[in-house]
Amino acid sequence: MCGIVGLFAKTKSFENELGLHFSKMLEEMTDRGPDSAGFAMYHNAVDGGRVKVVVLARDSLDSIILADKLSSVFSEASVSDLGSGHLLITVASEIDGLMTWLRTEHPELTVLSAGRSIEIYKEKGLPNKVIEEFSIASMSGSHALGHTRMATESAITTAHSHPFSTGDDVCLVHNGSLSNHNRLRTELRKKGIYFSSDNDSEVAAGYLTWRLREGDSIDEALNRALSDLDGFYTFAVGTRDGFAVMRDPIACKPAVISETDDWVAMASEYRAIALLPNANNAPAWEPNPGQVYSWSH
Amino acid sequence: MDLNYDLAVGTTRELNQKLNSASTKDADVSFRVLNPKGAHALAVGMTSNISVDIEGHVGYYCAGMNQKAHITVLGNAGPAVAENMMSGRVVVSGNVSHYAAASAHGGLLVVEGDSSSRCGISLKGAHIVVKGSVGHMSAFMAQSGSMVVCGDAGEALGDSLYEARLYVRGNVASLGTDCVEKTMLDEHKREIDGLLERSGITDADASEFRRFGSARKLYNFDVDNADAY
């Protein structure tokens, strides 16, 4: 069991309060996933020529030294320490250029997210701890996805936590378990997809990374996943402009969607949505099995 | 006598204790539950014939193990509403999630909206009336009782069915293993009309329904099928 929440702002004023409402939703899903929590916040987009990456440093790494090193290669380099080993790097570069440099110069760093808008934060422990550590409630953003994890298939570490980055401004959260992840991981490695853990959900993320790289749209990649991924899943996928939700055809794993003029929300359970303004008067429904739902700005 | 209970200030445990402390003499006692906000396990284990109206959406396991009580949800219900119900009546004005009335032995569940998958899984004698449609694998391994679906049924209706009676007015996406269409007899029409009336549904008629039941080829081992295992 795990909890998933997603919140998408439809108005500018709701964007300013997004973090506040999103943090309540995430905390409400504590019972479904007390082992670790994580979230992807889409905000503070950098302009076209620049890229931002959140990396996880397992050992302490001086952000000033890292910024100096980056500045010798990239222009407009900056590094901010976001706490709990999370460093936000922005440089003027294409994503591939920065990723190649990071893998060569700092292979010990785990890249949590990469893109122009996405920032992924995740940590072991109760969701409430993660919410406070990264001050989610005070963040604004266009949309956000979160996950509370009850580990079943692999260890409880930050690297095993969700969301998983699946490429440029794309990430995935997963409630369920995959049964063919070992074979699929081996196949995806041969195609050059990098994995940082033995987590089954990371394989789903890697699968999407591969399909997007091959030119699929999010909808196409998710539809193809229906035949290639074996197991139980509700997936929520964050993109630069919005998010998508899909459940496996058997649909054992729950999901509820609701919408008002101000927001679209999805969650594993309605009680996370009930905390949002005007949720009382909003229609709430379950997404159909094996069908992709998506929203974008 | 009306009693209100506001879950915005009270807890689920307090509510259930209060409801359970009502005695069988309290037939005229009616509880209103406010601000459920998707909470789990509301009004479970009732043993007296009280009325409980829950005003809003509920989460998992609402009205589980119900005996005698009349429980109304004015909203949607999460997974496993009226699970293992023994008697009484549960009405949901909106939609219900998976496993509605799973293993229910008696009583009546009325869903005024749609049900998602596995409605009436392992049904053991209760009656289910769904005004809308039911999702895939509904009535899976249902043993006795009946399910009336005024809308459509999803894939694999009645898979591995025992002796429950299934009635569908709309389309059936597919039948599960060992589930077949059967002739509608007068006794079945009477059962449908009776259940529709008890559910307050006036815009449907027994003659519009088709009946499905077990081919009875699966649940007794047949040596000719040995190769299939």
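So, how was this worked out
- Residues numbered from 1 in each chain as written.
- Chains lettered and ligands numbered in written order.
- Predicted model: local features only at pLDDT ≥ 70, side-chain atom pairs only at ≥ 80, totals over all residues.
- Heavy atoms only, no water.
- Helix = DSSP H or I, 4+ residues; strand = E, 2+ residues; numbered from the N terminus.
- Rg over C-alpha atoms; globule rule 2.2 N^0.38 Å.
- Buried < 20%, exposed > 50% of the residue type's maximum accessible area, 1.4 Å probe, protein only.
- Contact = heavy atoms within 4.5 Å.
- Buried area = accessible area lost by both parts, 1.4 Å probe.
- Salt bridge = Lys/Arg side-chain N within 4 Å of Asp/Glu carboxyl O.
- Polar contact = N/O pair within 3.5 Å; in protein donor to acceptor, adjacent residues only side chain to side chain.
- Nonpolar A, V, L, I, M, F, W, Y, C, P; charged D, E, K, R; others polar.
- Pairing = 2+ DSSP bridges.
- Axes fitted to C-alpha atoms, helices over the stretch in contact; angles between N-to-C directions.
- Domains from an automatic or database assignment.
- Parallel < 35°, antiparallel > 145°, perpendicular 65-115°, else oblique.
- Left-handed = near helix turned anticlockwise from the far one by under 90°.

Asker: Before we go on, may I ask you to explain the overall build of chain B in this structure?
Answerer: When you go through chain B residue by residue, the secondary structure sums to two helices and eleven strands. In chain B, the succession of α and β elements from N to C terminus is β-α-β-β-β-β-β-β-β-β-β-α-β. Rg of the C-alpha trace for chain B: 18 Å, near the compact-globule value of 17 Å for 229 residues, within the 12% margin. The principal-axis extent of the C-alpha atoms belonging to chain B is close to 60 × 40 × 30 Å. Taken across its 229 residues, chain B has 53% of its residues classed as buried. Excluding contacts between residues fewer than 6 apart, the proportion of contacts in chain B whose partners are at least 24 apart in sequence is 26%.

Asker: For this particular structure, what's the right way to read the interface of chain A and chain B?
Answerer: One frequent convention defines the size of an interface as the accessible area lost when the parts assemble. Of the residues lining the interface, 16 residues belong to chain A; the matching set on chain B comes to 13 residues. For the pairing of chain A and chain B, the buried interface totals around 1100 Å² over both sides, and the portion due to carbon and sulfur atoms is 46%. Inspection of the region where chain A meets chain B yields zero salt bridges. Viewed at the interface, chain B and chain A are joined by ten residue pairs in polar contact (both at pLDDT 80 or more). Here the side of chain A that touches chain B is built from residues that sort into nine nonpolar, one polar and six charged.

Asker: Can you walk me through the sheet that holds strand S9 (residues 164–165) of chain A in this structure?
Answerer: Within a sheet, neighbouring strands are paired by backbone hydrogen bonds and run either parallel or antiparallel to one another. Residue and element names in this part refer to chain A. Read from one edge to the other, the open sheet built from five strands follows the order S9-S10-S11-S12-S16, with strand pairing classed as antiparallel. Every other strand in the sheet has two partners, leaving S9 and strand S16 (293–296) as the edge strands with one partner each. The pairing of S9 with strand S10 (residues 171–178) spans two bridges and is classified as antiparallel. Within S10, the residue paired with Ser165 across the bridge is Cys171. This element, helix H7 (residues 200–213), spans S9, S10 and strand S11 (231–238) of the sheet and lies at about 130 degrees to S10.

Asker: Help me understand the domain arrangement of chain B in this model?
Answerer: You can read the domains of chain B as domain 1 (1–76) and domain 2 (98–215). On a C-alpha basis, the centroid separation for the pair domain 1 of chain B and domain 2 of chain B is 26 Å.

Asker: So what exactly am I meant to see when it comes to the domain arrangement of chain A here?
Answerer: Residue and element names in this part refer to chain A. On domain assignment, one finds that chain A holds domain 1 (2–45 + 123–296) and domain 2 (47–116). Taking only C-alpha atoms into account, the centre of domain 1 sits 24 Å from that of domain 2. Carbon and sulfur atoms make up 49% of the surface buried where domain 1 meets domain 2, a total of about 1100 Å² over both sides. Run the count over domain 1 and domain 2 and you get zero salt bridges. Of the residues that constitute the side of domain 1 that touches domain 2, the class distribution is three nonpolar, six polar and five charged.

Asker: In this structure, what is going on with the packing of helix H6 (residues 181–190) of chain A against H7(A)? I would like to understand it.
Answerer: The relative placement of two packed helices is expressed as an angle between their axes plus a distance between the axes. Residues and elements named next belong to chain A. At their nearest, the axes of H6 and H7 sit 9 Å apart, and the two run at 40 degrees to each other. One way to sum up the angle between H6 and H7 is to call them oblique. Relative to H7, the crossing made by H6 is left-handed. Contacts between H6 and H7 involve His181, Leu184, Arg185 and Leu188 on the former and, on the latter, Asp200, Val203, Gly206, Tyr207 and Trp210. When its residues are assigned to classes, the contact of H6 with H7 shows five nonpolar, two polar and two charged.

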